[in-house]
Amino acid sequence: QKEVEQNSGPLSVPEGAIASLNCTYSDRVSQSFFWYRQYSGKSPELIMSIYSNGDKEDGRFTAQLNKASQYVSLLIRDSQPSDSATYLCAVYGGYNKLIFGAGTRLAVHP
Amino acid sequence: EPEVTQTPSHQVTQMGQEVILRCVPISNHLYFYWYRQILGQKVEFLVSFYNNEISEKSEIFDDQFSVERPDGSNFTLKIRSTKLEDSAMYFCASSEKSGVSGNTIYFGEGSWLTVV
């Protein structure tokens, strides 16, 4: 059974700080990794995708992938209250199937 | 920006009734999916669909479920005889390509199904 594990949180950070979200996955052959943001009652919204070891930056977001250790992380710099949401880590688990973690709830307080 | 659209946004149905959830994927996308999320739980894969047939399905997608692309734009999920445990948010999704690197799956806003 392929699994994606995340700390459920809540992760509470002050406005302007760096939020660090982590995810581990069980399938060693996984190649594609995604971070989605989900506001309460809404659909997942793609934040970042990463396919190669190392860092990938997009604005205030940086995704980090370490395939040897089977973890992927998301850093959010200069966190804003509008970043408060649940962040879902997802991994391709098959031909066209995303396997999601349970999500980490992030709370950014002013 | 192109988006996946779903109807209805919310449906309440009696146990045992048939439900059809509708989706219009992004127009140049060829791969279509349904996921569901029970309140407070993970987003779970149900089924993927390509070239007018199911390409992969999960254990959740049993004989009570079916998918169809009745015309060039719509993609539907039918639940034949709903159970209380089918209450969930159902997300339709689509992608231009399949599988690995470079493929992004876009989600619709969801259809919230309540079975009473």
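Everything numeric in this text was worked out from a predicted model, so none of it was measured.

### Quick notes on the overall build of chain B
Turning to step 1, where the next piece is worked out: If you tally the helices and strands in chain B, you get zero helices and 11 strands.
Turning to step 2, where the next piece is worked out: Ordered by position from N to C terminus, the α and β elements of chain B give β-β-β-β-β-β-β-β-β-β-β.
Turning to step 3, where the next piece is worked out: Computed over its C-alpha atoms, the radius of gyration of chain B comes to 13 Å, within 12% of the 13 Å expected for a compact globule of 116 residues.
Turning to step 4, where the next piece is worked out: Considered along the principal axes of its C-alpha atoms, chain B spans approximately 40 × 30 × 25 Å.
Turning to step 5, where the next piece is worked out: Expressed as a percentage of its 116 residues, the buried residues of chain B come to 45%.
Turning to step 6, where the next piece is worked out: By sequence separation, contacts in chain B at least 24 residues apart represent 54% of the contacts at least 6 residues apart.
Turning to step 7, where the next piece is worked out: Summing over all exposed atoms, chain B offers an accessible surface of approximately 5900 Å²; the carbon and sulfur share of this is 46%.
Turning to step 8, where the next piece is worked out: In chain B, 9 positive and 15 negative side-chain charges are present, and the distance between their average locations comes to 3 Å.

### A closer look at the sheet that holds strand 6 (residues 54–58) of chain A
Residues and elements named next belong to chain A.
Turning to step 1, where the next piece is worked out: If you walk across this open sheet you meet the five strands as 1-3-8-7-6, and the pairing is antiparallel. Taken across any chain shown, the strands that pair with only one partner, and hence form the sheet edges, are strand 1 (4–6) and strand 6. Sheet twist, expressed as the mean angle between neighbouring strand axes with direction ignored, is 20°.
Turning to step 2, where the next piece is worked out: Looking at chain direction, strand 3 (residues 19–25) and strand 8 (residues 71–76) are connected through six bridges and run antiparallel. Counterpart to Thr24 in the pairing with strand 8 is Tyr71.

### Quick notes on the sheet that holds strand 3 (residues 19–24) of chain B
All names here are of chain B.
Turning to step 1, where the next piece is worked out: Pairing is antiparallel in the open sheet, where four strands are placed in the order 1-3-8-7. Of all strands in the sheet, those with a lone pairing partner are strand 1 (5–7) and strand 7 (65–68), marking the two edges. Adjacent strand axes in the sheet meet at a mean angle of 20° when their direction is disregarded.
Turning to step 2, where the next piece is worked out: Of the strand pairs in this sheet, strand 7 and strand 8 (residues 75–79) are connected by four bridges, and their pairing is antiparallel. In the strand pairing of strand 8, Val67 is matched with Leu77.

### Here's the deal with the packing of aromatic side chains
Turning to step 1, where the next piece is worked out: Enumeration over the complete set of coordinates arrives at 17 aromatic pairs over all chains.
Turning to step 2, where the next piece is worked out: The rings of Phe34, Tyr36, Tyr51, Tyr92 and Phe100 of chain A together with Tyr33, Tyr35, Phe45, Phe91 and Phe107 of chain B are connected pair by pair, giving a single aromatic cluster.
Turning to step 3, where the next piece is worked out: The ring of Phe61 of chain A has Arg60 of chain A lying over it, and the distance from NZ or CZ to the ring centre is 5.5 Å.

The rules behind each value
Residues numbered from 1 in each chain as written. Chains lettered and ligands numbered in written order. Predicted model: local features only at pLDDT ≥ 70, side-chain atom pairs only at ≥ 80, totals over all residues. Heavy atoms only, no water. Helix = DSSP H or I, 4+ residues; strand = E, 2+ residues; numbered from the N terminus. Rg over C-alpha atoms; globule rule 2.2 N^0.38 Å. Buried < 20%, exposed > 50% of the residue type's maximum accessible area, 1.4 Å probe, protein only. Contact = heavy atoms within 4.5 Å. Areas by Shrake-Rupley, 256 points an atom, 1.4 Å probe, with all protein chains shown as cover. Lys, Arg positive; Asp, Glu negative; His and termini not counted. Charge placed at Lys NZ, Arg CZ, Asp CG, Glu CD. Pairing = 2+ DSSP bridges. Axes fitted to C-alpha atoms, helices over the stretch in contact; angles between N-to-C directions. Phe/Tyr/Trp six-rings, centres within 6.5 Å; stacked < 30°, edge-to-face > 60°. Lys NZ or Arg CZ within 6 Å of the ring centre and 35° of its normal.

So yeah, pure geometry; function would need other evidence.
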